[in-house]
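Notes for the structure review
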Amino acid sequence: MKPLPPTLRTKKRYILATIEPMGIGADQKELYQAVSCALTSLFGDVRAAMISPAVIDSGPGHLILRCTRGGERDLRIALSTVTVAGNDALVLRPKATSGTLHALRRRIPRVAPPEPGGPEEVSFGGKVYCARRYQGQKVDLMEKGIKSQELLFLTKDDLEE
Amino acid sequence: METWANKISLIFPILSLMTVADACVHPYPDGNSSLRRMAVEARELGFDTLVVPGAAPLTVAGVRIIPAVIISGESVRTVSGRLSKCGDGQSLVMVEAGEKGFNRAVLNLRGVHVLRGLHRTRKQSFDHVCARSAAERSIAVDIDISPLIHITGTPRQRALGRFAELMRLHNRYRFLLTVSSNARSVLHLRSVDDIVLLCSLFGMEEGDAWEALATAGHLIAPAGPVRVVS
């Protein structure tokens, strides 16, 4: 059987989004469910079916989604309403939209790995946290404990004070 | 990183004085992110100004911090009393909206810059009389985008309805608007592009969204010719 000629194929658009905070544990399935729920609750089942979102790639700190042409604007809006995937609080920040995956893959941001030395213990506000430092000023703190661990987002200057 | 403020100043040099402000964020200890971290993230997301309740006027990581005072009172008398105590001229005074009569009275008080929290009030609590007063006295009305992000179902539908109602009045009376994320974490901050898109959900056009983002930066020292008053 002959493949469909390009003119008859459904036109797709690809959206690149970054995932924050870095090192979040959500997998591709959880991310898809989070995006799908956000899209359905915001625009309804009919519009979500027309947009037909799909997560086609995810890596450290980024996510690539596919949708039908014309649905990319609504999908971008829905992405900005995603706050949780699985059990992790996160934010998806749309960075670029393209008609080809090739063009989008070139724009995947290079993830700056946490600074060497692994998570270190720091004390802040009378509590003990695990600190994850990034290049530049950013430092993420996660409270040491078993449950309801508090997350803090600081800078190096905040820790030095 | 190239921010929206930089892009605008490159394309339209005359608009380089335009600011892009998030009209209310709550850093640590109210939230889980320090003021510096919020400023760093806000800069990356395209903002150059943040309005922070209880902060001092300063510039952090290239972002101007505008201090604010949020007044929530049940009666106009309470609001009036608190206004006289916090009128230092350096803070943005924001009053929580209430019933129709309360809003009308507050919009006639001297020293109020922003009326906020209208999505939490009843329908018709901000009517054409309030809209006209706000326009005449250059008092901005805040649009809080956090219910669009963090709430689903009926409460979000109600918030969208209230904002759409507000936009209808805005298109008629052209009062000032501000947009705030009320972020308590860097994860609650949204980029300028995202905010413009979210505002389109209730009928705010792109130009209006940009104007609303620029408003907070000019409320304390409004641009305009100097008037001789005596």
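Structure shown above.
Attention here is on the structure that accompanies the text. (Residues numbered from 1 in each chain as written. Chains lettered and ligands numbered in written order. Predicted model: local features only at pLDDT ≥ 70, side-chain atom pairs only at ≥ 80, totals over all residues. Heavy atoms only, no water.)

Each partner contributes residues to the interface: chain B has 27 residues there, and chain A has 29 residues. Summed over both sides, the interface of chain B with chain A buries roughly 2400 Å², with 56% coming from carbon and sulfur. When the buried area of chain B at its contact with chain A is split by residue, B:R36, B:R37 and B:L187 rank highest and sum to 28% of it. Linking chain B with chain A are four salt bridges. Measuring nitrogen to oxygen at the nearest pair gives 3.4 Å for the salt bridge that ties B:E41 to A:K138. At the junction of chain B and chain A, the tally comes to 15 residue pairs in polar contact (both at pLDDT 80 or more). Elements represented by at least two residues in the side of chain B that touches chain A include exactly α2 (35–44), α6 (146–150) and α8 (192–199) of chain B. Looking at the side of chain B that touches chain A element by element, the count peaks at five residues for α2(B). For the side of chain B that touches chain A, the per-class residue count stands at eleven nonpolar, eight polar and eight charged. (Contact = heavy atoms within 4.5 Å. Buried area = accessible area lost by both parts, 1.4 Å probe. Salt bridge = Lys/Arg side-chain N within 4 Å of Asp/Glu carboxyl O. Polar contact = N/O pair within 3.5 Å; in protein donor to acceptor, adjacent residues only side chain to side chain. Helix = DSSP H or I, 4+ residues; strand = E, 2+ residues; numbered from the N terminus. Nonpolar A, V, L, I, M, F, W, Y, C, P; charged D, E, K, R; others polar.)

Before going further, it helps to examine the environment of B:G62. Residue and element names in this part refer to chain B. Within the secondary structure layout, G62 lies in the loop between β3 (58–60) and β4 (63–71). Classification of G62 by relative accessible area gives partly exposed; the value is 44%. Spatially, the C-alpha atoms of G62 and M38 are 12 Å apart, while their sequence positions differ by 24 residues. Leaving out residues up to four positions away in the same chain, G62 has contacts with R43 and D48. (Buried < 20%, exposed > 50% of the residue type's maximum accessible area, 1.4 Å probe, protein only.)

These values are about where atoms sit, not about what they do.
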